[in-house]
Amino acid sequence: MKHIPRFHLLSQRTLLPLATLIDLLEPLATAGVEAFHLREKDLPGGILLDLAQQCRQRLSGRAALFVNERLDVALLSQADGVQLPEQGIPVSAARQLLGPHMLIGRSVHDVGGARQAEETGADFLLFGNVYETTSKPGASGRGLAALRAVVAACHLPVIAIGGITPERVPEVLAAGAWGIAVISGVLAASDPVAAARRYHQALNEGDGRAA
Amino acid sequence: MQRGAWSPERLRAALRVYVITDQTLARGRSQAELVAQALEGGATAVQLRWKSGPLRDAVELGRVLRQLCRAAGALFIVNDRLDLALAVEADGVHLGVTDLPVAEARRLGGDDLVIGFSPETLEQAQQAEAAGADYLGVGPIYATTTKPDAGAPVGVAHVQAIVQRVHIPVVGIGGITAANAAEVIRAGAAGVAVIAAVFGAEDVRGATAALRQVVDAALGERGI
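Everything numeric in this text was worked out from a predicted model, so none of it was measured.

(A) Quick peek at the overall build of chain B. Assigned secondary structure in chain B consists of 11 helices and 8 strands. Across its three principal axes, chain B shows a C-alpha extent of roughly 40 × 40 × 35 Å. Taken over 224 residues, chain B has a buried fraction of 55%. Within chain B, residue pairs in contact and separated by at least 24 positions form 62% of the contacts whose partners lie at least 6 positions apart. With 21 positive and 24 negative side-chain charges, chain B shows a spacing of 2 Å between the two charge centroids.

Written as structure tokens, this is what we have:
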């Protein structure tokens, strides 16, 4: 059984420049971030590969590295996995390229997407937005009931994303989420490392499971 | 070097009329249908250039183009995205200066993958050849509206300069039509790559056939 990280942090260079974020990766991993997603798919491949290699080096195995969408960059940077948008490369095609060991996360928005991701070989799901979020303005939250439905619809670990604060972590876990993914809650914080620590603590205390 | 089914000679011949897809220029027409018409008209290579929209759709289109090109004996290349190229079993990938480095693409794609590269300078052309590129796309030869970021036209003299410095075949790109393709070939290009001249045409089959005729005639003048 593959280990699926429970605390994911996603990049967004408009919130925090990548150079700054990369410098923070070591302390963030120490603070409890278990997976870092390089999510900058609009950048050219050469630049993205260079960034992914820098992330790999800084994380040095302390946290898993995921590359969003670009399987080629993930493979070349020896990332631990990829995160695929729902409208992205089909999971089955990705699995063929990545082999059995690399992790494939699939972003889903409903039960149908969750079932399809499971059938085609995803390792975990990223479901959101659970709450309203500044990272995706205009998108209202899908809510805890929708999260519960996705959790019930498949056997894959579900990582909840979208507007999650440390205070909301207990109810997210109680709804059956395996873990959380955060963007602005860490990147926009005045002290990102302290913010990551609060999330980590909330996850540890959450529903009594060990992180 | 032999790249899968593509010997250097076969690759060079496949670069004669190299058609690049464009969703906007397709103006709602099926891109697969336009490629089928271009192949009927004599296109020898097709490049899937996916700029926006869900990648799922690109995979779907790529799989169709793969079959069309295979049936026509044409070279099938995917622009920029090596993962997409591998997922649809394209013959190769085409890279620009900010895309994945040629050597990295070779490392992941293996020896069978055809790699094209668009250098912006002579030095980059030579470096790409040394790094394992199989052909070069050089341009913009003429002013082009398809790629607003392509920069000022470099003219056929630039093709000539690069052809003299590398051993791999060169295709000219940028503003090429049946009216000016011959001078690109006379400058030493193995072929011409076109976007608007084919995908922007009302009669895609006819436009491709006209280009093919001009290119074949100009290559004939060179004894090829």
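(B) Local environment of the packing of aromatic side chains. All names here are of chain A. Here the structure, examined in full by the defined rule, presents 3 aromatic pairs over all chains. Look at Phe-66 and Phe-124: their rings are 5.6 Å apart centre to centre, the planes differ by 90 degrees, and that puts the pair in the edge-to-face class. Here Phe-124 lies in strand 6 (residues 124–127) and Phe-66 lies in strand 3 (residues 64–68), a separation of 58 residues in the sequence. Among the residues examined, Phe-66 registers a relative accessible area of 0% and is labelled buried.

(C) The interface of chain A and chain B, seen in detail. Listed by partner, the interface residues are 20 residues for chain A and 18 residues for chain B. Contact between chain A and chain B buries roughly 1600 Å² in total, counting both sides, with carbon and sulfur atoms accounting for 65%. When the buried surface of chain A facing chain B is broken down by residue, Asp-72, Leu-76 and Gln-87 of chain A rank first, second and third, together holding 33% of it. Seen at the junction of chain A and chain B, the total is 1 salt bridge. For Asp-80 of chain B, the salt bridge is made with Arg-70 of chain A, and the minimal N-O distance between the two is 3.6 Å. Put simply, chain A and chain B have 10 residue pairs in polar contact (both at pLDDT 80 or more) between them. The set of elements that each furnish at least two residues to the side of chain A that touches chain B consists of helix 2 (45–59), helix 3 (71–76) and helix 4 (91–98) of chain A. Partitioned by chemical class, the residues of the side of chain A that touches chain B number 11 nonpolar, 5 polar and 4 charged.

(D) Summary view of the confidence of the model for chain B. Put simply, chain B has an average pLDDT of 96, and 100% of its residues get 70 or more. Interface confidence for the predicted complex, expressed as ipTM, amounts to 0.95; the pTM equals 0.96.

(E) Quick peek at the sheet that holds strand 4 (residues 81–84) of chain A. Residues and elements named next belong to chain A. Taken in spatial order, the 8 strands close into a barrel running 1-2-3-4-5-6-7-8, and their pairing is parallel. Pairs of neighbouring strands in the sheet enclose a mean axial angle of 25 degrees, with direction left out of account. Judged from the 3 bridges that link them, strand 7 (residues 158–161) and strand 8 (residues 179–182) form a sheet pairing that is parallel. For Ile-161, the partnering residue across the bridge sits in strand 8 and is Ala-181. Contacts between helix 2 and the sheet are confined to strand 2 (35–38) and strand 3, with strand 3 contributing the most and set at about 165 degrees to the helix. Running at roughly 165 degrees to strand 5 (residues 103–108), helix 4 makes contact with strand 4 and strand 5 of the sheet.

(F) Representation of the environment of Tyr-131 of chain A within the structure. All names here are of chain A. Looking at the secondary structure, you find Tyr-131 in the loop between strand 6 and helix 6 (143–153). With 12 residues separating them in the primary sequence, Tyr-131 and Gly-143 have C-alpha atoms 6.0 Å apart. Excluding its chain neighbours within four sequence positions, the residues that come into contact with Tyr-131 are Gly-141, Leu-144, Gly-162, Gly-163, Ile-164, Arg-168, Glu-171 and Val-172. In this structure the side chain of Tyr-131 is engaged in a polar contact, spanning 2.5 Å, whose partner is the side chain of Glu-171.

(G) Summary view of helix 8 (residues 155–165) of chain B. All names here are of chain B. Buried residues of helix 8: Gly-155, His-158, Val-159 and Ile-162, and no others. Around the axis of helix 8, the buried residues are gathered within 125 degrees of arc, so they sit on the same side. Exposed and oriented more than 90 degrees from the buried face of helix 8 are Ala-157 and Gln-164. The elements touched by buried residues of helix 8 are helix 7 (122–131), strand 6 (135–138), strand 7 (170–173) and helix 9 (181–186).

(H) Helix 9 (residues 192–205) of chain A, seen in detail. Given a rise of 1.5 Å per residue, 14 residues ought to cover 20 Å, and the 20 Å separating the end C-alpha atoms of helix 9 of chain A matches this to within 8%. Here the buried face of helix 9 of chain A lies against strand 1 (7–10), helix 1 (18–30), helix 7 (169–174), strand 8 and helix 8 (184–187) of chain A.

(I) Spotlight on the pattern of salt bridges. Inspection of the entire model under this criterion finds 20 salt bridges over all chains. Ionic pairing is found between Glu-202 of chain B and Arg-27 of chain B, a salt bridge with its closest N-O pair at 2.9 Å. In this pair, Glu-202 of chain B sits in the loop between helix 10 (196–199) and helix 11 (204–221) while Arg-27 of chain B sits in the loop between helix 2 (23–26) and helix 3 (31–40), placing the two residues 175 residues apart along the sequence. Assessed through its relative accessible area of 68%, Glu-202 of chain B is described here as exposed. In this structure Arg-27 of chain B comes out as partly exposed when scored by relative accessible area, which is 44%. Between Arg-205 of chain B and Glu-40 of chain B there is a salt bridge whose closest N-O contact spans 3.2 Å. Placement of the pair is Arg-205 of chain B in helix 11 and Glu-40 of chain B in helix 3, with a sequence separation of 165 residues. The network of salt bridges with common partners includes Lys-2, Arg-95 and Asp-123 of chain A.

Cut-offs used in this document
- Residues numbered from 1 in each chain as written.
- Chains lettered and ligands numbered in written order.
- Predicted model: local features only at pLDDT ≥ 70, side-chain atom pairs only at ≥ 80, totals over all residues.
- Heavy atoms only, no water.
- Helix = DSSP H or I, 4+ residues; strand = E, 2+ residues; numbered from the N terminus.
- Buried < 20%, exposed > 50% of the residue type's maximum accessible area, 1.4 Å probe, protein only.
- Contact = heavy atoms within 4.5 Å.
- Lys, Arg positive; Asp, Glu negative; His and termini not counted.
- Charge placed at Lys NZ, Arg CZ, Asp CG, Glu CD.
- Phe/Tyr/Trp six-rings, centres within 6.5 Å; stacked < 30°, edge-to-face > 60°.
- Buried area = accessible area lost by both parts, 1.4 Å probe.
- Salt bridge = Lys/Arg side-chain N within 4 Å of Asp/Glu carboxyl O.
- Polar contact = N/O pair within 3.5 Å; in protein donor to acceptor, adjacent residues only side chain to side chain.
- Nonpolar A, V, L, I, M, F, W, Y, C, P; charged D, E, K, R; others polar.
- pLDDT = per-residue confidence, 0-100.
- Pairing = 2+ DSSP bridges.
- Axes fitted to C-alpha atoms, helices over the stretch in contact; angles between N-to-C directions.
- Arc of directions from axis to C-beta.
- Expected span 1.5 Å × (residues − 1).

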